[in-house]
Amino acid sequence: MSLKFRNYAIFMSIMAALMLQIMPLPILVDKFRPDWVLLVLSYWTLALPTRVNVGIAFLYGLFMDILLGTTLGIHCFAMSLVIFILAANYQRLRNYSVWQQALIMGVMSSLFHLVVFWLQHLLTDIYFLFDYLWPVVTSMFFWPWVFMLLRKTRRQLSVE
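Note that the structure is a prediction, hence the values are computed from the model and not measured.

Q: What's the story with the overall build of the protein in this structure? I'm lost.
A: Summing up its helical and strand segments, the protein has nine helices and zero strands in all. When the helices and strands of the protein are read in sequence order from the N terminus, they spell out α-α-α-α-α-α-α-α-α. Its C-alpha radius of gyration of 15 Å places the protein within 12% of the 15 Å reference for a compact globule of 160 residues. For the C-alpha atoms alone, the extent of the protein along its principal axes is close to 50 × 30 × 30 Å. Within the protein, buried positions represent 41% of all 160 residues. Of the contacts formed within the protein by residues at least 6 apart in sequence, a portion of 70% connects residues at least 24 apart. Surface accessibility of the protein: about 9,200 Å² in total, with carbon and sulfur atoms responsible for 70%.

Q: What am I meant to see in the pattern of salt bridges here?
A: Two side chains with opposite charge may pair up if their charged atoms get near one another. For the coordinates displayed, the defined rule picks out one salt bridge. Here Arg33 and Asp30 are joined by a salt bridge, their closest N and O atoms 2.5 Å apart.

Q: Please explain the layout of surface pockets as it appears in this structure.
A: One simple way to see leftover space: roll a probe sized like a water molecule over the atoms. For the largest pocket, the calculated volume is near 550 Å³. Around the largest pocket sit 19 residues that line it, and Asp30, His113, Asp131, Tyr132 and Pro135 are the ones nearest its centre. Among the elements of the structure, α3 (27–30), α5 (54–68) and α8 (98–123) are those that each provide at least two residues to the lining of the largest pocket. A per-element tally of the lining of the largest pocket places α8 first, with five residues. Looking at side-chain class alone, the lining of the largest pocket contains nine nonpolar, five polar and five charged residues. In this model, the second largest pocket occupies a volume close to 180 Å³. As for the second largest pocket, its lining consists of Met12, Ser13, Ala16, Ala17, Leu20, Trp36, Val40, Trp145, Val146, Leu149 and Leu150. Elements that contribute at least two residues to the lining of the second largest pocket include exactly α2 (9–22), α4 (36–47) and α9 (134–157). Take the lining of the second largest pocket: its biggest share by element is five residues, from α2.

Procedures and definitions
- Residues numbered from 1 in each chain as written.
- Predicted model: local features only at pLDDT ≥ 70, side-chain atom pairs only at ≥ 80, totals over all residues.
- Heavy atoms only, no water.
- Helix = DSSP H or I, 4+ residues; strand = E, 2+ residues; numbered from the N terminus.
- Rg over C-alpha atoms; globule rule 2.2 N^0.38 Å.
- Buried < 20%, exposed > 50% of the residue type's maximum accessible area, 1.4 Å probe, protein only.
- Contact = heavy atoms within 4.5 Å.
- Areas by Shrake-Rupley, 256 points an atom, 1.4 Å probe, with all protein chains shown as cover.
- Salt bridge = Lys/Arg side-chain N within 4 Å of Asp/Glu carboxyl O.
- 1 Å grid on protein atoms, 1.4 Å probe; cavity = no way out; pocket = protein on both sides within 12 Å on 5 of 7 lines; lining within 4 Å.
- Points joined across faces, edges and corners; volume = space filled by probe spheres on them.
- Nonpolar A, V, L, I, M, F, W, Y, C, P; charged D, E, K, R; others polar.

See the structure below:
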């Protein structure tokens, strides 16, 4: 059974993250939605940088642009930039504790949101609100759990 799912574990986890990213939430809770796709792609980039890299991040960033209805290329660029930084430093980042990685994921998530805001500000006429940065806090909070869940899945299915 695990042999059957081994080849699709990365794809299925990213698809689950995409579903969590677009799942309808109440308005009061929606502004706190973590960056599920960014968290899952970051985990797989740190764990298996030869299988999940900037090209995969670009592709799923394009899916996010389509699903969220934003201008094509905004999430692609921001996701690719963050994953490039993580992939370039994956050997160093792997050695940090999960809590230190959570802080780094907060920095990466804030970079992601600031790049998305900057590109949307250039292309449309939006203004910065502090509410844009709430997902940074929740992404930092959820990183240890996403890390533990995906690591357990990777080890049980022997994904390499």
